[in-house]
Amino acid sequence: PRSDCVVAERLCLSDSTCNATYRILESCALAKTRLLPLDHDSRVRCLNAELDLGNSSLLHCKCHRRMKRQEHCLRVFWTVHSSMTDGYFNLETSPYENPANEEHWKTDYNRLAALVSGKNCNGSQLAGDATNPCLKETHVCNLNKKCVRLRTDYASICTRAAGSEDVCDRRKCLRGLRNFFEKVPEDFTKRILFCPCQDEFCGERRRKTIVPDCSFQSSTKPSCLWLLDFCLEDPFCKSRLADFQQNCQPADTSPDGCSLHSHAACLQAYMGMIGTPMTPNYVSNSSVEVSLWCTCESSGNQKEKCDQILGMFESNKCL
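All values derive from a computational prediction rather than experimental measurement.

A. Local environment of the side chain of Thr295. Mapped onto the elements of the fold, Thr295 is located in the loop between strand 2 (290-291) and helix 16 (303-314). Using a relative accessible area of 19% as the deciding quantity, one classes Thr295 as buried. One polar contact links the side chain of Thr295 to the main-chain amide nitrogen of Glu297, over a distance of 3.1 Å. Contacts of Thr295, omitting those with residues within four sequence positions, involve Lys221, Pro222, Ser223, Cys224 and Cys306.

B. The arrangement of the confidence of the model for the protein chain in detail. Predicted confidence across the protein chain gives a mean pLDDT of 82, with 83% of residues reaching 70 or more. Note that pLDDT drops below 50 for residues 119-129; the model gives that stretch 12 contacts with residues more than four away or on any other chain.

C. Representation of a positive patch on the surface in the model. Among the surface-exposed residues, Arg66, Lys146, Arg149 and Lys183 lie close enough to one another that they form a single positively charged patch. Here Lys146 lies in helix 8 (residues 145-158).

D. Quick look at the packing of helix 8 against helix 9 (residues 170-183). Taken N-terminus to C-terminus, the directions of helix 8 and helix 9 make an angle of 165°; their axes are 8 Å apart at the nearest point. Our classification of the angle between helix 8 and helix 9 gives roughly antiparallel. In the packing of helix 8 onto helix 9, the handedness of the crossing is left-handed. Residue-level inspection shows Lys146, Cys147, Leu150, Arg151, Tyr154, Ile157 and Cys158 of helix 8 in contact with helix 9, the latter providing Lys172, Cys173, Gly176, Leu177, Asn179, Phe180 and Lys183. The residue makeup of the contact of helix 8 with helix 9, split by class, is 8 nonpolar, 2 polar and 4 charged.

E. Just the packing of aromatic side chains, in detail. Taken as a whole and assessed by the stated rule, the structure comprises 7 aromatic pairs. Taking the centre distance of 5.0 Å and the plane angle of 90° together, the rings of Phe77 and Trp78 count as edge-to-face. When the ring of Phe180 is compared with that of Phe181, the centres are 5.2 Å apart and the planes differ by 90°; the resulting orientation is edge-to-face. Looking at Phe180, the relative accessible area reads 0%, which means it is buried. Residue classification places Phe181 among the buried positions, given a relative accessible area of 9%. Among the aromatic residues, those joined into a ring-pair cluster are Tyr154, Phe180 and Phe181. Sitting over the ring of Tyr282, Arg206 keeps its end group 4.9 Å from the ring centre. When the ring centre of Trp293 is taken as origin, the NZ or CZ atom of Lys221, which lies over that ring, is 4.9 Å away.

F. Quick peek at empty space enclosed by the protein. One pass over the full model with this rule turns up 2 cavities of 30 Å³ or more. Approximately 110 Å³ is the volume attributed to the largest cavity. Around the largest cavity sit Arg65, Arg66, Phe181, Glu182, Glu186, Thr189, Arg240, Gln268, Met271 and Gly272, which together line it. Elements with a contribution of two residues or more to the lining of the largest cavity: helix 9, helix 10 (186-193) and helix 15 (263-273). Sort the elements by how many residues they give to the lining of the largest cavity and helix 15 lands first, with 3 residues. Here the residues of the lining of the largest cavity sort into 2 nonpolar, 3 polar and 5 charged.

G. Local environment of the state of the cysteines. For the coordinates displayed, the defined rule picks out 14 disulfides. Here Cys12 connects covalently by a disulfide to Cys18, the sulfurs 2.0 Å from one another. Judged by the sign of its S-S torsion, about -105°, the cystine formed by Cys12 and Cys18 is left-handed. Across this residue pair, the class does not change: Cys12 and Cys18 are buried. Disulfide pairing is shown between Cys168 and Cys214; the S-S distance is 1.9 Å. Across the S-S bond linking Cys168 and Cys214, the dihedral sits near 105°, which makes this disulfide right-handed. Taken as a pair, Cys168 in the loop between helix 8 and helix 9 and Cys214 in helix 12 (residues 212-215) lie far apart in primary sequence, 46 residues in all. Taken individually, Cys168 and Cys214 each receive the classification buried, so the pair is uniform in this respect.

H. Structural detail: the environment of Met67. With respect to the helices, strands and loops of the structure, Met67 is situated in the loop between helix 4 (57-60) and helix 5 (70-80). Take Met67: its relative accessible area is 16%, and that puts it in the buried class. Spatially, the C-alpha atom of Met67 lies 9.5 Å from that of Asp4, the residues being 63 residues apart in sequence. Setting aside anything within four residues of it in sequence, one finds Met67 in contact with Asp4, Val6 and Cys73.

So, how was this worked out
Residues numbered from 1 in each chain as written. Predicted model: local features only at pLDDT ≥ 70, side-chain atom pairs only at ≥ 80, totals over all residues. Heavy atoms only, no water. Helix = DSSP H or I, 4+ residues; strand = E, 2+ residues; numbered from the N terminus. Buried < 20%, exposed > 50% of the residue type's maximum accessible area, 1.4 Å probe, protein only. Polar contact = N/O pair within 3.5 Å; in protein donor to acceptor, adjacent residues only side chain to side chain. Contact = heavy atoms within 4.5 Å. pLDDT = per-residue confidence, 0-100. Patch = residues over 30% accessible without salt bridge, like charges linked within 9 Å, V, L, I, M, F, W, Y side chains within 5 Å. Areas by Shrake-Rupley, 256 points an atom, 1.4 Å probe, with all protein chains shown as cover. Salt bridge = Lys/Arg side-chain N within 4 Å of Asp/Glu carboxyl O. Lys, Arg positive; Asp, Glu negative; His and termini not counted. Charge placed at Lys NZ, Arg CZ, Asp CG, Glu CD. Axes fitted to C-alpha atoms, helices over the stretch in contact; angles between N-to-C directions. Parallel < 35°, antiparallel > 145°, perpendicular 65-115°, else oblique. Left-handed = near helix turned anticlockwise from the far one by under 90°. Nonpolar A, V, L, I, M, F, W, Y, C, P; charged D, E, K, R; others polar. Phe/Tyr/Trp six-rings, centres within 6.5 Å; stacked < 30°, edge-to-face > 60°. Lys NZ or Arg CZ within 6 Å of the ring centre and 35° of its normal. 1 Å grid on protein atoms, 1.4 Å probe; cavity = no way out; pocket = protein on both sides within 12 Å on 5 of 7 lines; lining within 4 Å. Points joined across faces, edges and corners; volume = space filled by probe spheres on them. Disulfide = S-S within 2.5 Å.

Pasting the structure below:
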C-alpha cells in the first residue's frame with residue numbers, strides 16, 4: 001500500500017541522499033509558489049531531482065481527506081510533483097487516495113442517485129412530495145451533535161450582519177464550510193447538499209445550503225483565470241481541484257459520460273471543492289445545474305482555457 005506523504009517525508013529525511021534531493025525539490029517548489037522564473041539549468045536541475053527519487057516512497061505517496069496534518073501532507077506531495085503544475089488546468093493526478101472505490105460508497109451513491117431523481121429503488125415515485133426533503137435532512141443533521149454544531153458554526157460565520165455596510169468574512173466562512181464537510185460523516189453532508197426537490201421552495205433551501213451570499217457570490221464576478229491562479233497558490237485548493245479534474249473528467253465516447261466510470265468518486269470530489277476559493281454551487285432554485293462564480297468575459301487570447309475551467313462545472317456530463 002502507498003504510504004502517506006508525511007511518513008514518506010520522514011523516511012526520506014533520515015536518508016542523506018534522499019534528503020539532499022528533497023531539499024532541491026523544496027527550493028524548486030518555493031520558486032514556483034513565488035512565481036520566480038527559473039532559468040534552463042534550474043529547470044533541468046529540478047526535473048532531475050524529481051527523477052532521482054526513482055522508486056522512493058515519496059514519489060508514490062498519497063494523502064487522505066480526513067487525515068491529521070493534511071495540509072502538511074499536501075505540501076509534501078506538491079513539492080515532489082511540482083513539475084505537474086505547469087500551465088493552466090493541467091493537474092494530472094490527485095494527491096488523494098480514492099475511497100470512493102470502496103463498495104459502501106458505491107451503494108450510498110446508488111441510493112443517493114435514486115433520491116435525487118425523486119424515485120425509490122423500484123423506480124416508482126417517492127411518497128411525501130408535499131414535504132421539503134431539504135428541510136427534513138436539516139432536521140436529521142440537528143439530531144447529531146457534531147453535524148448540528150459544525151453546521152451552526154459555518155452558518156453563523158457566513159451570515160452577513162444586519163447593518164447594510166457589514167460584510168461577512170469570506171475566508172472564515174470557507175474555512176467553516178471546510179470543517180463541516182471534512183469532519184461531519186458523509187452520510188449527513190451528502191444528503192444536505194444533494195437533497196431531492198420537486199418545487200422551487202425546496203430548491204432555494206438547497207441552493208442556500210452553503211450560504212452563497214458569503215461563500216459563493218461576490219458583488220462582481222472575477223475572471224475564472226484569476227480564480228484558478230488564486231486556487232493554485234493554495235496547496236489545499238490545488239489538491240481538491242486536481243482530485244475534481246481527475247475524477248470528474250468527462251468523456252464523450254463513454255456511455256456514462258465519465259472517463260473513470262465512477263460517478264461516486266466524482267460526487268465526492270465535487271463536495272471536496274466546497275470551502276475552497278473555487279467553491280461551486282447551484283445556479284438557481286429550479287434545477288441541479290452548478291457553476292463557479294466567475295466569468296470568461298475579457299479573457300482575451302486565453303478564452304479557450306477560461307471556458308475549459310468553467311465548463312468543468314457548467315457542462316460536465318460526468319458531474
